[in-house]
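Results of the structural survey
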Amino acid sequence: MKHISVIRKSMVALCASVALTSSALAPKYIFMFIGDGMGMGPSMAAEMYNRQVLGNDTPITMMQFPVAGFCMTYSSSSPVTDSAAAGTALATGTKTKNGMLGMGPDTIATVSIASMLKERGYGIGDITTVAPDDATPGAYYAHVPNRSMTYEIGKEAAESGFEFIGGAGWRTPVKEGCPSLYKLFADNDVKVIFGPDSARYIGDAKRVVMVNHWGTDPNNVGYTIDSIAGTLTLPFLTRQCLDHLQRVSPDAFFMMAEGGNIDHALHANDGGAAIKEVLNFNQALDIAYQFYQQHPDETLIVVTADHDTGGMSIGNAFLGYNARLQYIDSQKMSKLGLQNMLTSMAKDRRQYSWEDMKEMLGDKFGFWKGVPVTDKQEAALKAEFDNMIEQRNLADQKTLYATFNGFVAEVLNVFNDVAGIGFVDTNHTGNPVPVFAVGVGADRFKNLNDNIEIPVKIMEIVDGKQK
């Protein structure tokens, strides 16, 4: 608790110095990229895929940065944090209880680095591939005792003054007895843009909210591996946010960009989808890195994760000392996509046979068509198929964001096995996460960090307190 107190006092002192002029060496442009759930396992799996399957000699972008370290993620209530406590730590430098957002365990509101920098004249961008009222993006502007208070979080987004907020959608746009969030955005001169094809209508708006088209899933923009047309992606949001900040706040800005779908894929134990999400995250990071290369003496980029999800490993009991990530390209849909497809199939009147299902698995996962399946694995798949089709016994596998029937779970178990990917469970772990940095003050992030030190170090760099 002494360590927590020291860090909180540091943040309070930094808040008190808001009116001070920053050092001439302070970065004008700060990017904070957070891969939700992106522990060492999915990070290294993406790099292994990049090297062995894509044939690239150059590492993925974050692993090209000159500074690399580790970060501890525990919360004030548990060795295994949730996203709200972790987001609060990364945004405000305060350890808090799992479930609490933007406030300490004493329920006293904390101040995020985004809000502090906003007071100093920085433009602020806050984007994600999940809901903008979710834990990580919400930690930069909201203060609620429970992360489930999504209407209240959205209300604070409207009142935050942030120049750009983007994500899948608002989960509680309407609450009985309260004005709709869209009225609150209008009242606060925020222009709401729906879908990537509407970006051209931003015009001269100073404040923008960009979400997917009305009626789509507000929890998730969709998985990269599913190639959903007409949906927002993290690279698209990053480009739009950066362009907007350069227009409305060209002298200084801060952007937080979250790869939220990484976490969703890992909760589902969907190794192939997780790897594609980490690569998508790095494509967004490429955009910031290209900006850094144009402004190397004025820019700081920090990349980390809020926690590890699933305990993903390269190597498992099935393959032993091996991994065959080349099979990842045979996976044409996410685990959730497979579940949704089977749900749709169950609604028609056709009776699907095991041979029908084998053909589908060959087309969508490469089974028996380049991806080997043993007789034992096929027997397990058929048993789950029979449970699903003939006996209507779904044997549900419940994860944080989705529920999968036993057949879907077994398909991904087999696929992970043959690809050499392992998982501990479908929840978070207390494993450390990576930290990568480049630019002004980047050396401050090498070695072992605690998550509450990340925002403190950023503000110290802004204040010229470099070590």
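Residues numbered from 1 in each chain as written. Predicted model: local features only at pLDDT ≥ 70, side-chain atom pairs only at ≥ 80, totals over all residues. Heavy atoms only, no water.

1. Here we look at the overall build of the protein
Counting its regular elements, the protein contains 15 helices and 16 strands. In terms of C-alpha radius of gyration, the protein reaches 22 Å, essentially the compact-globule figure of 23 Å for 467 residues. Referenced to the eigenvectors of the C-alpha coordinate spread, the extents of the protein come out at roughly 70 × 50 × 40 Å. When each of the 467 residues of the protein is scored for burial, the buried share is 59%. Counting only contacts in the protein whose residues sit at least 6 apart along the sequence, the fraction spanning at least 24 positions is 75%. Within the structure as shown, the protein displays about 18300 Å² of accessible surface, and the carbon and sulfur contribution to it stands at 52%. (Helix = DSSP H or I, 4+ residues; strand = E, 2+ residues; numbered from the N terminus. Rg over C-alpha atoms; globule rule 2.2 N^0.38 Å. Buried < 20%, exposed > 50% of the residue type's maximum accessible area, 1.4 Å probe, protein only. Contact = heavy atoms within 4.5 Å. Areas by Shrake-Rupley, 256 points an atom, 1.4 Å probe, with all protein chains shown as cover.)

2. Here we look at unusual backbone geometry
Non-glycine residue Asn 269 carries a positive phi angle of around 55 degrees. When you line up the elements, Asn 269 lands in the loop between α9 (260-267) and α10 (271-294). Looking at Asn 269, the relative accessible area reads 11%, which means it is buried. One non-glycine residue, Trp 368, adopts positive backbone phi at about 65 degrees. Within the secondary structure layout, Trp 368 lies in the loop between α12 (354-365) and α13 (375-389).

3. A look at the environment of Gly 195
Structurally, Gly 195 is set in the loop between β5 (190-194) and β6 (207-211). Taking the C-alpha atoms as reference points, Gly 195 and Met 44, separated by 151 residues in sequence, lie 32 Å from one another.

4. Quick notes on the confidence of the model for the protein
Averaged over every residue, the pLDDT of the protein is 93; residues scoring 70 or more account for 93%. Every residue in residues 12-23 scores below 50 in pLDDT, and together they form 16 contacts with partners more than four places removed in sequence or on other chains. (pLDDT = per-residue confidence, 0-100.)

5. Considering the pairing of strand β7 (residues 253-259)
Buried residues dominate β7, accounting for seven of its seven residues. Burial along β7 is two-sided: Phe 253, Met 255, Ala 257 and Gly 259 facing one way and Phe 254, Met 256 and Glu 258 facing the other are all buried. Where strand β1 (residues 29-35) and β7 come together, seven bridges link them in parallel fashion. Its bridge partner lying in β7, Ile 30 is registered against Phe 254. (Pairing = 2+ DSSP bridges.)

6. Here's the deal with the packing of helix α8 (residues 234-248) against α10
Relative orientation of the contacting elements α8 and α10 amounts to 25 degrees, with a least axis distance of 8 Å. With respect to α10, the element α8 is oriented roughly parallel. Between α8 and α10 lies a crossing whose hand is right-handed. From α8, Leu 234, Pro 235, Thr 238, Arg 239, Leu 242 and Gln 246 reach across to α10, where they touch Asn 280, Phe 281, Gln 283, Ala 284, Ile 287, Gln 290 and Phe 291. Here the contact of α8 with α10 is built from residues that sort into seven nonpolar, five polar and one charged. (Axes fitted to C-alpha atoms, helices over the stretch in contact; angles between N-to-C directions. Parallel < 35°, antiparallel > 145°, perpendicular 65-115°, else oblique. Left-handed = near helix turned anticlockwise from the far one by under 90°. Nonpolar A, V, L, I, M, F, W, Y, C, P; charged D, E, K, R; others polar.)

7. Let's talk about the side chain of Asp 126
With respect to the secondary-structure elements, Asp 126 resides in strand β3 (residues 123-128). Arg 207 provides the closest opposite charge to the buried, unpaired Asp 126, separated from it by 9.8 Å. (Lys, Arg positive; Asp, Glu negative; His and termini not counted. Salt bridge = Lys/Arg side-chain N within 4 Å of Asp/Glu carboxyl O.)

8. Overview of the side chain of Asn 451
By secondary structure assignment, the location of Asn 451 is in the loop between β16 (447-450) and α15 (453-462). Residue class for Asn 451 comes out buried when judged on its relative accessible area of 2%. Ignoring anything within four residues of it in the chain, the contact list for Asn 451 reads Cys 71, Met 72, Thr 73, Tyr 74, Ala 86, Ala 89, Leu 90 and Lys 95.

9. Re the environment of His 264
With respect to the helices and strands, the residue His 264 is situated in helix α9. Here His 264 falls in the buried class, since its relative accessible area comes to 7%. As a C-alpha pair, His 264 and Val 190 span 74 residues in sequence and 29 Å in three-dimensional space. Those residues in contact with His 264 that lie beyond four places of it in its chain are Val 130, Asn 219, Asn 220, Tyr 223 and Tyr 401. A distance of 3.0 Å separates a polar atom in the side chain of His 264 from a polar atom in the side chain of Asn 220. (Polar contact = N/O pair within 3.5 Å; in protein donor to acceptor, adjacent residues only side chain to side chain.)

10. Thoughts on the pattern of salt bridges
Across all of its chains, the model carries 20 salt bridges by this definition. Between Asp 463 and Arg 120 there is a salt bridge, with the nearest N and O atoms lying 2.8 Å from each other. Here the residue Asp 463 occupies a position in the segment after α15, and Arg 120 occupies one in the loop between α4 (113-119) and β3, the gap between them amounting to 343 residues. Judged by relative accessible area, which is 17%, Arg 120 ranks as buried. Ionic pairing is found between Glu 163 and Lys 206, a salt bridge with its closest N-O pair at 4.0 Å. Of this pair, Glu 163 sits in the loop between α6 (150-159) and β4 (164-166) while Lys 206 sits in the loop between β5 and β6, and the two are 43 residues apart along the sequence. One network of salt bridges, with partners in common, ties together Asp 82, Asp 133, Asp 134, Arg 147 and Arg 171.

11. A closer look at helix α14 (residues 406-419)
The terminal C-alpha atoms of α14 lie 20 Å apart, and with 14 residues this matches the ideal 20 Å at 1.5 Å per residue to within 8%. In terms of burial, α14 is largely enclosed, as 12 of its 14 residues are buried. Taken residue by residue, α14 has Gly 406, Phe 407, Val 408, Ala 409, Glu 410, Val 411, Leu 412, Val 414, Phe 415, Asn 416, Val 418 and Ala 419 as its buried positions. Of the residues flanking the start of α14, the one acting as N-cap is Asn 405, its side-chain oxygen 3.0 Å from the backbone nitrogen of Phe 407. Backbone geometry just downstream of α14 places Gly 420 in the positive-phi region, at approximately 85 degrees. (Expected span 1.5 Å × (residues − 1).)

12. Notes on a nonpolar patch on the surface
Together, Phe 70, Met 72 and Leu 448 give the surface a local cluster of nonpolar side chains, amounting to about 280 Å² of exposed area. Assignment of secondary structure puts Phe 70 in strand β2 (residues 67-72). Judged by relative accessible area, Phe 70 falls into the partly exposed class, the value being 41%. (Patch = residues over 30% accessible without salt bridge, like charges linked within 9 Å, V, L, I, M, F, W, Y side chains within 5 Å.)

13. A short note on the packing of aromatic side chains
Per the stated rule, a full pass over the model turns up 22 aromatic pairs. Between the aromatic rings of Phe 33 and Phe 281, the centroid separation amounts to 5.9 Å while the plane-to-plane angle is 80 degrees, which identifies the pairing as edge-to-face. Within this pair, whereas Phe 33 is found in strand β1, its partner Phe 281 is found in helix α10, the two being separated by 248 residues in sequence. In this structure, Phe 33 and Phe 281 share a single accessibility class: buried. Following the ring pairs from residue to residue traces out a cluster consisting of Trp 354, Phe 365, Phe 367, Trp 368, Phe 385, Phe 407 and Phe 415. One Lys or Arg, Lys 95, reaches over the ring of Tyr 74 and ends 3.5 Å from the middle of that ring. (Phe/Tyr/Trp six-rings, centres within 6.5 Å; stacked < 30°, edge-to-face > 60°. Lys NZ or Arg CZ within 6 Å of the ring centre and 35° of its normal.)

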